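This is what each chain is made of:
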Amino acid sequence: MLRLPKSLRKELRKPFGELHKSVNLIEKSLQKQLEEDKLIISIGDVTSMKLFENGIQPQICIVDNLTKRKPIEHNLDHTNNIKYVDNPAGVLTEEFIEVCIESIKEASKNNPLIIQVNGEEDLAVIPCVINSPNDTFILYGQPNEGVVLVKVNEAYERALNYYKQLIKE
């Protein structure tokens, strides 16, 4: 298990990519990504729901049935390919990292999947950036601000740096 050190908490609150007020503002670039059969990963229940509302189907949705630590129903039913994994808040379990890696290898527009997390997906962006192809887009919500669009080729070094600072337990 890898734990987030207190020294990184404030740093990780900063967007990992481009902050946008709404999914609508980046819909065209997301559609182009899908048309070119490039991977889109959605992290978070609200972000995943907003993408679907705008006609964008990520190949991978990582959800925990929570928003701002309160229960939410996401109603994602676009696939029966669901992987279940435990991952407590503020940590990355080995199992969660492995599920992310497997999912990145398996997912496609014809084989979308959902990673259903029992716990938190708050640090999912780190293993997703490190293990995804360079042309992958990752989206997650920035509370009360909008959605963050992470371009893996631009975020890789930062994610790797954070990964190296996680504390092994």
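What counts, and where the lines are drawn
- Residues numbered from 1 in each chain as written.
- Predicted model: local features only at pLDDT ≥ 70, side-chain atom pairs only at ≥ 80, totals over all residues.
- Heavy atoms only, no water.
- Buried < 20%, exposed > 50% of the residue type's maximum accessible area, 1.4 Å probe, protein only.
- Helix = DSSP H or I, 4+ residues; strand = E, 2+ residues; numbered from the N terminus.
- Pairing = 2+ DSSP bridges.
- Expected span 1.5 Å × (residues − 1).
- Contact = heavy atoms within 4.5 Å.
- Axes fitted to C-alpha atoms, helices over the stretch in contact; angles between N-to-C directions.
- Patch = residues over 30% accessible without salt bridge, like charges linked within 9 Å, V, L, I, M, F, W, Y side chains within 5 Å.
- Areas by Shrake-Rupley, 256 points an atom, 1.4 Å probe, with all protein chains shown as cover.
- Salt bridge = Lys/Arg side-chain N within 4 Å of Asp/Glu carboxyl O.
- Lys, Arg positive; Asp, Glu negative; His and termini not counted.
- Charge placed at Lys NZ, Arg CZ, Asp CG, Glu CD.

Asker: How would you sum up the pairing of strand E7 (residues 82-87)? Please name residues and give values.
Answerer: Burial along E7 is one-sided: Lys83, Val85 and Asn87 are buried, and none of Ile82, Tyr84 and Asp86, which face the opposite way, are. Here six bridges tie E7 to strand E9 (residues 113-119), and the two strands are oriented parallel to one another. Bridge pairing in E9 places Asn87 opposite Gly119.

Asker: Report on helix H6 (residues 152-165), specifying residues and quantitative values.
Answerer: Residues spaced three or four apart along an α-helix point in a common direction, a consequence of the helix completing one turn every 3.6 residues. Taking 1.5 Å of rise per residue, 14 residues should cover 20 Å, and H6 covers 19 Å from first to last C-alpha, within 8% of that figure. Regarding H6, the residues found buried are Val152, Ala155, Ala159, Leu160 and Tyr162. Where H6 is buried, its residues meet helix H1 (6-12), helix H5 (125-131), strand E10 (137-142) and strand E11 (146-151).

Asker: I'd love a proper account of the side chain of Ser42, names of residues and values included.
Answerer: If you trace the backbone, Ser42 turns up in strand E3 (residues 40-43). When sequence neighbours within four positions are dropped, the list of residues in contact with Ser42 reads Thr47, Ser48, Leu51, Pro58, Ile60, Cys61, Ile62 and Leu139.

Asker: Explain the sheet that holds strand E1 (residues 2-3) to me, and be specific about the residues and the numbers.
Answerer: Overall, antiparallel pairing links the three strands, which are arranged E8-E1-E12 in an open sheet. A strand with exactly one partner marks an edge of an open sheet, and here the two such strands are strand E8 (91-92) and strand E12 (167-168).

Asker: Now, about the pairing of E9: what can you tell me, with residues and values included?
Answerer: Counted residue by residue, E9 has five buried out of seven residues, so it is predominantly covered. With four bridges connecting them, strand E4 (residues 60-63) and E9 associate as parallel partners. Bridge assignment links Cys61 to a residue of E9, and that residue is Ile114.

Asker: Can you explain the environment of Lys168? Please cite residues and give values.
Answerer: Structurally, Lys168 is set in strand E12. Sequence spacing of Lys168 and Val91 is 77 residues, and the spatial spacing of their C-alpha atoms is 9.6 Å. Each residue touching Lys168, except ones within four places of it in the same chain, is listed here: Met1, Leu2 and Glu94.

Asker: Residues and numbers for the sheet that holds strand E2 (residues 18-20), please.
Answerer: Spatially, E2-E11-E10-E3-E4-E9-E7 is the arrangement adopted by the seven strands of the open sheet, whose pairing is mixed. Two strands close off the open sheet at either side, each with one partner strand: E2 and E7. Strand-to-strand twist across the sheet, computed as the mean angle between neighbouring axes with direction ignored, equals 20°. Sheet contacts for helix H2 (residues 27-35): E3, E10 and E11; angle to E10, the most-contacted strand, approximately 145°.

Asker: Just give me the short version of a positive patch on the surface, but keep the residues and values in it.
Answerer: A cluster of basic residues, Lys6, Arg9, Lys10 and Arg13, forms a positive patch at the surface. Tracing the backbone shows Arg9 in helix H1.

Asker: Pulling in residues and values, what's your account of the pattern of salt bridges?
Answerer: Taken as a whole, this structure holds eight salt bridges when the rule is applied. Where Arg3 meets Glu169, a salt bridge forms, and the shortest distance between an N and an O atom there is 2.8 Å. Highlighted residues: Arg3 in strand E1 and Glu169 in the segment after E12, separated in sequence by 166 residues. Judged by relative accessible area, which is 32%, Arg3 ranks as partly exposed. Between Lys38 and Glu36 there is a salt bridge, and its shortest N-O distance comes to 2.7 Å. Using a relative accessible area of 25% as the deciding quantity, one classes Lys38 as partly exposed. Residue classification places Glu36 among the partly exposed positions, given a relative accessible area of 37%.

Spatial relationships are all this shows, so hold off on functional conclusions.
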